[in-house]
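Structural overview
Listed below are the residues making up each chain.
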Amino acid sequence: AMLMRVAGGYVPSVVAMNMIDVKSIMEPVVLPDMGIWHPCAPQIFDSTQEYNEWYENVHLPLVGVAKDAPSVGVVLQKSHIATKDDGHYVAMVQEFERRGARVLCAYTGGLDFSMPLT
């Protein structure tokens, strides 16, 4: 979608021949610079409060993990989330939960100048 949007808007021969209907191409999905991710979540969360509400009330009952189970925190690379190259993260989260642990995976675009998640 990104390449078609660029070609349809900026490549003179493509624009002149009206080869690509840019309006029919989906809008880009922009990921926040930092967030809390879970493979089963419907969104990336901005705060631990938001994440815990979803995690405790929706996800934990489905996977059978106790609310007071030990927690595992994991720092992820944003690039793996953005490109959907997250199979190794998905497997790791599933394994921790299978063993009875809560999991919180946070990522940031750049670890050097990031603010803490609250």
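For the structure itself, consult the block above.
A brief report on the enclosed structure follows.

Definitions and cut-offs
- Along each chain, residues carry numbers from 1 onward, in the same order as the chain's sequence is written.
- Where totals are concerned, whole chains, interfaces and linings use all residues; where local detail is concerned, this predicted model gives features only for residues with pLDDT of at least 70, and gives and counts side-chain atom pairs only at 80 or more.
- As a rule here, side-chain values cover all heavy atoms of the structure and leave hydrogens and water aside.
- By the criteria applied, helices consist of DSSP H or I runs no shorter than four residues and strands consist of E runs no shorter than two, each listed in order from the N terminus.
- Given the number of residues in a helix, its expected span is that number minus one, multiplied by 1.5 Å.
- Burial here depends on accessible area, computed with a 1.4 Å probe over protein chains only, as a share of the maximum for the residue type. Under 20% is buried, over 50% is exposed, and the range in between is partly exposed.
- Here the arc refers to the set of directions running from the helix axis out to each C-beta atom.
- Should any heavy atoms of two residues lie within 4.5 Å, those residues are counted as being in contact.
- In this description, strands pair whenever DSSP reports at least two bridges between them.
- Only C-alpha atoms enter the line fits that serve as axes; for helices the fit covers just the stretch in contact. Angles between N-to-C directions range over 0 to 180 degrees.
- Residues forming no salt bridge and having over 30% relative accessible area are the ones grouped into patches, like charges within 9 Å of each other and nonpolar side chains (Val, Leu, Ile, Met, Phe, Trp, Tyr) within 5 Å.
- Areas reported as accessible are Shrake-Rupley estimates using a 1.4 Å probe. Residue values count occlusion only from the protein chains shown.
- Should a side-chain nitrogen of Lys or Arg be within 4 Å of a carboxyl oxygen of Asp or Glu, the pair is scored as a salt bridge.

**Considerations on helix 5 (residues 87–98)**
- In this model, helix 5 (12 residues) spans 16 Å end to end at C-alpha, consistent with the 16 Å of a helix rising 1.5 Å per residue.
- Along helix 5, the positions that sit buried rather than exposed are Tyr 89, Val 93 and Glu 97. Relative to the axis of helix 5, the buried residues are bounded by an arc of 65° and lie together on one face.
- Of the surrounding secondary structure, the elements contacted by the buried residues of helix 5 are strand 1 (34–37), helix 3 (48–63), strand 2 (71–77), helix 4 (78–82) and strand 3 (102–108).
- One or two residues past the end of helix 5 sits Gly 100, with phi positive at roughly 95°.

**Topic: the sheet that holds strand 1**
- Across the sheet, which stays open at both edges, the three strands sit in the order 1-3-2 with mixed pairing between neighbours. The open sheet is flanked by strand 1 and strand 2, the only strands paired with a single partner. Strand-to-strand twist across the sheet, computed as the mean angle between neighbouring axes with direction ignored, equals 25°.
- As paired elements, strand 1 and strand 3 share four bridges and run antiparallel to each other. In the strand pairing of strand 3, Ile 36 is matched with Ala 106.
- Along the sheet, helix 3 makes contact with strand 1 and strand 3, crossing strand 3 at roughly 145°.
- Running at roughly 180° to strand 2, helix 5 makes contact with strand 1, strand 2 and strand 3 of the sheet.

**Section: a nonpolar patch on the surface**
- Residues Met 2, Leu 3, Val 6 and Tyr 10 make up a contiguous nonpolar surface patch of about 530 Å² in total accessible area.
- Here Met 2 shows up in helix 1 (residues 2–10).
- Look at Met 2 and you get exposed, because its relative accessible area is 62%.

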